[in-house]
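Okay, here's what each chain looks like letter by letter:
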Amino acid sequence: MKFKLFTIVGARPQFIKAAAISRAIKNHFSANLEEFIVHTGQHYDSEMSDVFFDELKIPKPSFHLHVGSGKHGEQTGQMLQSIENLLVVEKPDLVLVYGDTNSTLAGALAASKIQIPVAHIEAGLRSFNKSMPEEINRILTDHVSTFLFTPTKSGLSNLEKEGFGLMPTNHVDHNHPMVMHCGDIMFDNALYFKDLAMDTSYSWFQKLGLENGKFILATVHRNANTDQKDRLKEILSGLIQASENKSWKTILPLHPRTLKMIQLFAEEDPFFRDISNTAIQIIPPVSYLQMVLLESLCGLIITDSGGVQKEAFFYNKPCIVLRPETEWVELVESGAAILVDADKSKLLSAVKHFENSPFDVKESFYGDGNSAELICKTLIQFLSNKRA
Ligand code: UD1
Ligand code: UDP
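Read on for a plain summary of the structure. Source: prediction; values computed, not measured. (Residues numbered from 1 in each chain as written. Chains lettered and ligands numbered in written order. Predicted model: local features only at pLDDT ≥ 70, side-chain atom pairs only at ≥ 80, totals over all residues. Heavy atoms only, no water.)

### Thoughts on the sheet that holds strand β13 (residues 337-339)
Argument step 1. The 6 strands are arranged β10-β9-β8-β11-β12-β13 in an open sheet whose pairing can be described as parallel. This sheet does not close on itself; its edge strands, each paired only once, are β10 (280-283) and β13. The mean inter-strand angle of the sheet, taken between neighbouring strand axes irrespective of direction, is 20°.
Argument step 2. Here strand β9 (residues 249-253) runs beside β10; their pairing, made up of 4 bridges, is parallel. From the neighbouring strand, Thr-250 faces β10, where its bridge partner is Ile-280. (Pairing = 2+ DSSP bridges. Helix = DSSP H or I, 4+ residues; strand = E, 2+ residues; numbered from the N terminus. Axes fitted to C-alpha atoms, helices over the stretch in contact; angles between N-to-C directions.)

This is the structure in structure tokens:
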């Protein structure tokens, strides 16, 4: 039996996550699953979108909704309308969504309202901070999903606290969702792409003029950090000081949202105008394989990204997190990551901490690298039972 699977993606980390499932389908499950990718258009610059499809060999989107940027309601609303129209015509057996973006919520809401089962990959994560748009997206998505695949045990425990674990799983449907701890498909990708990154991108890395093991890799894109001038200034100034203290460069592949805000703040504040004359080397967003190489070769990672926090751990690098809390609590509890929010002095103390006591965590929190296969098998089993 062959089932029609619609994968809804729109933002950079979702293309990367989709690569793991698409690869598993292609290599093991193509007799049972036919995947159609729906790109909402949330991210559209070629370095935020096309580059991942090309490099990671993700099937080209079968449908592109071209929604683009906008306020939350505007963007999510347009996606909702377009996705519903598509699903009504195409009638897939299942809709797959990833993570916690507006594309995730729109896909889950559209499908669940017309009785198409939704599988949520990266379910159960909570920051317990509803000022984050992502926290709202992930809670709502979990509560309309039929399959909740959690990457971590803490994700499973969060869902149990919300009543999910109490539901029987011998009969799975919209009212009786299945929760499964399956590991993290981003760990699947980390194992799969590490060597390829070295083979394809090392000559690119050499041209950056960075010293292997002696540079800081930073990313900043959370709205709470980019949209408030004082917070962004505190973070950038912390990065500059950390670089100077260590005599290391900081490489900052810059998200378009952050670039836009730096340019805006530069109109009135010379600090932002002079940023290119500091130890921070700003470059455009990089491809996934280039990012993997930077993560593998740097000495320290400073980030507010969810994905990059985990990748720091996969590549055994200390990580300083520019947020007051994280959904990836295992990293902080084990000492692999330190939360510093947008506070320069905490950032500098965390840098010192990792200099004096390098972390050494042996535990694997994210599965065995075969999460995508487990997810596909589970879905095929469910769809077969449903059709029988
Ligand atoms: C989104 C997700 C966030 C995720 C991030 C991954 C939501 C609410 N947020 O945040 O959870 O961590 O993606 O990167 O879904 N822009 C461009 N070109 C692009 C894309 C965006 O210039 O290709 C600029 C636009 O000015 C846009 C801004 O970036 O308004 C923000 O983009 P948006 O997709 O709304 O949110 P992100 O900050 O990217
Ligand atoms: N990433 C990338 N190029 C970059 C920055 C990040 O390929 O210039 C990758 C990174 O390796 C990770 C993912 O994008 O796999 C994380 O996405 P992002 O930080 O945009 O979003 P988040 O994970 O915070 O939702």
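After that view, the rundown keeps rolling.
### Points about the sheet that holds strand β5 (residues 118-121)
Argument step 1. An order of β3-β2-β1-β4-β5-β6-β7 is seen for the 7 strands of this open sheet, with the pairing classed as parallel. Both edges of this open sheet fall to β3 (63-64) and β7 (178-181), since each of them pairs with a single strand only.
Argument step 2. Alignment of strand β1 (residues 3-9) against strand β2 (residues 33-39), held across 7 bridges, turns out to be parallel. Bridge assignment links Ile-8 to a residue of β2, and that residue is Val-38.
Argument step 3. Here helix α16 (residues 371-387) sits on the sheet in contact with β1, β2, β4 (94-98), β5, β6 (147-150) and β7, set at roughly 165° to β6. (Contact = heavy atoms within 4.5 Å.)

### A few points about the packing of aromatic side chains
Argument step 1. Taken as a whole and judged by the stated rule, the model has 18 aromatic pairs.
Argument step 2. Note on Phe-187 and Phe-314: the rings are 5.1 Å apart at their centroids and 45° apart in plane angle, and the pair reads as tilted. Taken together, the residues Phe-187 in helix α7 (residues 185-207) and Phe-314 in helix α13 (residues 306-314) connect sequence positions 127 residues apart.
Argument step 3. Residue Phe-314 is classed as buried on the basis of its relative accessible area, which comes to 14%.
Argument step 4. One aromatic cluster is present, built from ring pairs that chain together Phe-187, Phe-313, Phe-314, Trp-328, Phe-365 and Tyr-366.
Argument step 5. In this arrangement the basic side chain of Lys-246 is found over the ring face of Trp-248, its NZ or CZ atom lying 4.2 Å from the centre. (Phe/Tyr/Trp six-rings, centres within 6.5 Å; stacked < 30°, edge-to-face > 60°. Buried < 20%, exposed > 50% of the residue type's maximum accessible area, 1.4 Å probe, protein only. Lys NZ or Arg CZ within 6 Å of the ring centre and 35° of its normal.)

### Some points on the site of ligand 2
Argument step 1. In the neighbourhood of ligand 2, 19 residues make up the surrounding shell, with Arg-222, Val-286, Ser-305, Gly-307 and Glu-311 lying closest.
Argument step 2. Between Arg-12 and ligand 2, the recorded distance is 2.9 Å, taken from a side-chain N or O atom to an oxygen atom.
Argument step 3. Between Gly-307 and ligand 2, the recorded distance is 2.8 Å, taken from a backbone N or O atom to an oxygen atom.
Argument step 4. Here ligand 2 has 530 Å² of accessible area as a free molecule, and 95% of this is covered by the chains.
Argument step 5. Contributing elements (two or more residues each) for the shell around ligand 2: α1 (12-29), α12 (288-297) and α13.
Argument step 6. Here the shell around ligand 2 takes 4 residues from α13, the largest share from any one element.
Argument step 7. Looking at side-chain class alone, the shell around ligand 2 contains 10 nonpolar, 5 polar and 4 charged residues. (Near = heavy atom within 4 Å. Polar contact = N/O pair within 3.5 Å; in protein donor to acceptor, adjacent residues only side chain to side chain. Areas by Shrake-Rupley, 256 points an atom, 1.4 Å probe, with all protein chains shown as cover. Nonpolar A, V, L, I, M, F, W, Y, C, P; charged D, E, K, R; others polar.)

### With respect to the nonpolar core
Argument step 1. Core analysis: the biggest nonpolar cluster contains 103 residues, and Ile-21, Leu-33, Phe-147, Leu-236, Leu-294, Ile-302 and Ile-320 have the highest contact counts within it.
Argument step 2. It is α1 that provides the largest number of residues to this core, a total of 9 residues.
Argument step 3. When residues no more than four places from it in sequence are discounted, the contact partners of Leu-294 are Trp-204, Phe-205, Leu-208, Leu-210, Phe-215, Leu-217, Ile-251, Pro-253 and Val-286. (Core = buried A, V, L, I, M, F, W, Y, C linked by side-chain atoms within 4.5 Å.)

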